[in-house]
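An overview of the molecular structure
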Amino acid sequence: MILANFKFYKSLISVISSCLIVLLCWSNLVQASGAERAAGQSCYSVSERTCQIAHELNKGINLGNMLEAPIEGDWKIRLDPAYIELLKGQFQSVRIPIRWSNHASPEGHAKIDDFFIKRVSKAVDQLLANGHYVIINVHHYNQLSGKGLSRNEFMVEEGVLELRLINIWKQLAAYYKGYSDRLIFEVLNEPTGRLTHQKWNQLQKQLVESIREVEPRRTIMITPRAYRPIHQLSKLDVPKDPNLIVALHQYTPFKFTHQGIKYLPMNLPIGVTCCNSVQKKKIVNELNIVTRWNQQHGYPVHLGEFGSYQAGDMQSRVNYTQFMVNELEKRRIGWAYWEFGSSFGIYDTKAKQWRQPLLEALLD
Ligand code: GLC
């Protein structure tokens, strides 16, 4: 009897201890994957604050086609304070593309127009007061990259092109000195054309240095040359600076995201859906390049543009948007959808209502 009891307790103890071991291993596993997720992007080359900013940019939106039009209103949408109020509590960050080059004097010193900078700053102030991170950039300085001018864009002397960009940033750095560190500078949108990798790397370094003379610590976004910058990450020379984030754009699958657009040099036929396994694989492969680069260099990245043009069918646009958001958030990459209220837009400015399925795909 005693022996039987002893045997019973012995096996009970061994069952309990095996259960405990399994439980312990399982909880360790869960903890490990939790820690991995919480760890987010590699940040070993930047300051703690810049790393935090990169992560807190989280979900963002581009106020596109407004201030980067040659003159505000040229592209049928103006920056309305009411739009800004709509973003409150929904998006953590807002990117404002701005064509400073067309609102600065044509000479090398590129004196920025007072009225225009005040116009921009009103929007920046409103966004910061509403708790957003704000990214301002230099967008569509066409002549610098050797592109043709837009209607209403003025030409400057070739010799002052780069100097103007440097002086634009010097003025912006001085103007916004003392502003919240939730305001971020992005040096140039999609440098391409005659800005070769070498030229661009050099100029970008100069831009960062010029900003640093006035603003030693503000977070700056830099970028590789190219429309599809992910594939050119390996050619990016990162200036040695602990407060940098790398800005990238991704419009894969391009034949889906850009179908039916009139302003492109090629005409992409409409009717392309999203997302089959080949399309998804392309997106994921590119994002894997980004993750690998981040781990190898320790600078966080931000996806400042992705989105789909209105000619795609709504269900595909929702599928694409959901897929992107999910993939980006898995990798803890902050993003900004292209864009708010124009032809890629999530808000219908005529009907004055959200395109609900797209908004939900971004925010849910
Ligand atoms: C581009 C530009 C933006 C343009 C958008 C959609 O890469 O940054 O100005 O409107 O993507 O094509």
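A few words now on the overall build of the chain. Along the backbone of the chain there are ten helices and ten strands. Taking the intrachain contacts of the chain between residues at least 6 apart in sequence as the baseline, contacts between residues at least 24 apart amount to 75%. Working note: accessible area of the chain is about 17400 Å², and carbon and sulfur atoms make up 57% of it.

Quick look at the sheet that holds strand 4 (residues 183-186) now. Taken together, the eight strands give a closed barrel; going around it, the order is 1-2-3-4-5-6-7-8, and neighbouring strands pair in parallel fashion. When the angles between neighbouring strand axes are averaged without regard to direction, this sheet yields 25°. For strand 5 (residues 220-222) and strand 6 (residues 244-249), the ladder comprises three bridges, and the chain directions are parallel. If you follow Ile222 over to strand 6, its bridge partner there is Val246.

Bringing the site of the ligand into the picture now. The environment of the ligand is formed by His139, His140, Asn189, Glu190, Tyr251, His258, Tyr263, Glu305, Trp338 and Phe344. Residue Asn189 places a side-chain N or O atom 3.0 Å away from an oxygen atom belonging to the ligand. Summarising the interface, the protein chains cover 87% of the accessible area of the ligand, which totals 310 Å² for the free molecule. Each residue belonging to the shell around the ligand can be placed in one class, and the counts come to four nonpolar, four polar and two charged.

Here we take up the environment of Trp338. Relative to the helices and strands, Trp338 resides in the loop between strand 8 (334-337) and strand 9 (347-348). Assessed through its relative accessible area of 8%, Trp338 is described here as buried.

Put plainly, two cysteines are in a disulfide when a covalent bond ties their sulfur atoms together. For the coordinates displayed, the defined rule picks out two disulfides. The residue that forms a disulfide with Cys43 is Cys51, at a sulfur-sulfur distance of 2.2 Å. The S-S bond linking Cys43 to Cys51 shows a torsion near 85°; that makes this disulfide right-handed. As far as burial versus exposure is concerned, Cys43 and Cys51 are alike and both buried. Going through the chain in sequence order and numbering each bonded cysteine, the pairs you get are 1-2, 3-4.

Here we come to the confidence of the model for the chain. Mean pLDDT over the chain works out to 92, with 89% of the residues at or above the 70 mark. Low confidence marks residues 19-38, where pLDDT is under 50. Its contacts with residues over four positions away, or in another chain, come to two contacts.

Another point: the packing of aromatic side chains. Enumeration according to the criterion identifies 16 aromatic pairs in this entry. An aromatic cluster is defined as three or more aromatic residues linked by ring pairs; in this entry it consists of Trp169, Tyr175, Tyr176, Tyr179 and Phe185. Cation over ring: Arg218 sits above Phe185, and NZ or CZ is 5.3 Å from the ring centre. Its end group placed over the ring of Phe254, Arg228 keeps NZ or CZ at 5.1 Å from the ring centre.

Our next topic: the nonpolar core. One finds Leu63, Ile96, Trp100 and Phe306 to be the most contacted residues of the largest nonpolar core, which totals 95 residues. When sequence neighbours within four positions are dropped, the list of residues in contact with Leu63 reads Glu68, Leu79, Ile84, Leu87, Val94, Arg95, Ile96, Pro97, Leu127 and Phe340. Grouped together as the second largest cluster of nonpolar side chains are nine residues, Ala54, Leu57, Ile184 and Met221 included.

Counted by the stated rule, this structure contains 14 salt bridges. Close ionic contact of Arg95 with Glu305 constitutes a salt bridge, the shortest N to O distance being 3.0 Å. Here Glu305 lies in strand 7 (residues 301-306) and Arg95 lies in strand 2 (residues 93-96), a separation of 210 residues in the sequence. Take Glu305: its relative accessible area is 5%, and that puts it in the buried class. The salt bridge involving Glu158 is made with Arg194; its shortest N-O contact spans 2.9 Å. Residue Glu158 is found in the loop between strand 3 (133-137) and helix 5 (161-175), and its partner Arg194 is found in the loop between strand 4 and helix 6 (197-214); the two are separated by 36 residues along the sequence. Note on Arg194: relative accessible area 34%, which makes it partly exposed. Overlapping salt bridges, with partners in common, bring together Arg95, Glu186 and Glu305 in one network.

Burial along strand 1 (residues 59-62) is two-sided: the residues Lys59 and Ile61 and Gly60 and Asn62 are all buried. Where strand 1 and strand 8 come together, three bridges link them in parallel fashion. Bridged to Lys59 within strand 8 is Trp335. The sheet contact formed by strand 1 and strand 2 spans three bridges and is parallel. In the sheet register, Ile61 faces strand 2, and the bridge partner there is Val94. In this fold, the crossover linking strand 1 to strand 2 by way of helix 3 (residues 81-87) has right-handed handedness.

Reading the values: the criteria
Residues numbered from 1 in each chain as written. Predicted model: local features only at pLDDT ≥ 70, side-chain atom pairs only at ≥ 80, totals over all residues. Heavy atoms only, no water. Helix = DSSP H or I, 4+ residues; strand = E, 2+ residues; numbered from the N terminus. Contact = heavy atoms within 4.5 Å. Areas by Shrake-Rupley, 256 points an atom, 1.4 Å probe, with all protein chains shown as cover. Pairing = 2+ DSSP bridges. Axes fitted to C-alpha atoms, helices over the stretch in contact; angles between N-to-C directions. Near = heavy atom within 4 Å. Polar contact = N/O pair within 3.5 Å; in protein donor to acceptor, adjacent residues only side chain to side chain. Nonpolar A, V, L, I, M, F, W, Y, C, P; charged D, E, K, R; others polar. Buried < 20%, exposed > 50% of the residue type's maximum accessible area, 1.4 Å probe, protein only. Disulfide = S-S within 2.5 Å. pLDDT = per-residue confidence, 0-100. Phe/Tyr/Trp six-rings, centres within 6.5 Å; stacked < 30°, edge-to-face > 60°. Lys NZ or Arg CZ within 6 Å of the ring centre and 35° of its normal. Core = buried A, V, L, I, M, F, W, Y, C linked by side-chain atoms within 4.5 Å. Salt bridge = Lys/Arg side-chain N within 4 Å of Asp/Glu carboxyl O. Right-handed = clockwise from strand over helix to strand, strands pointing away.

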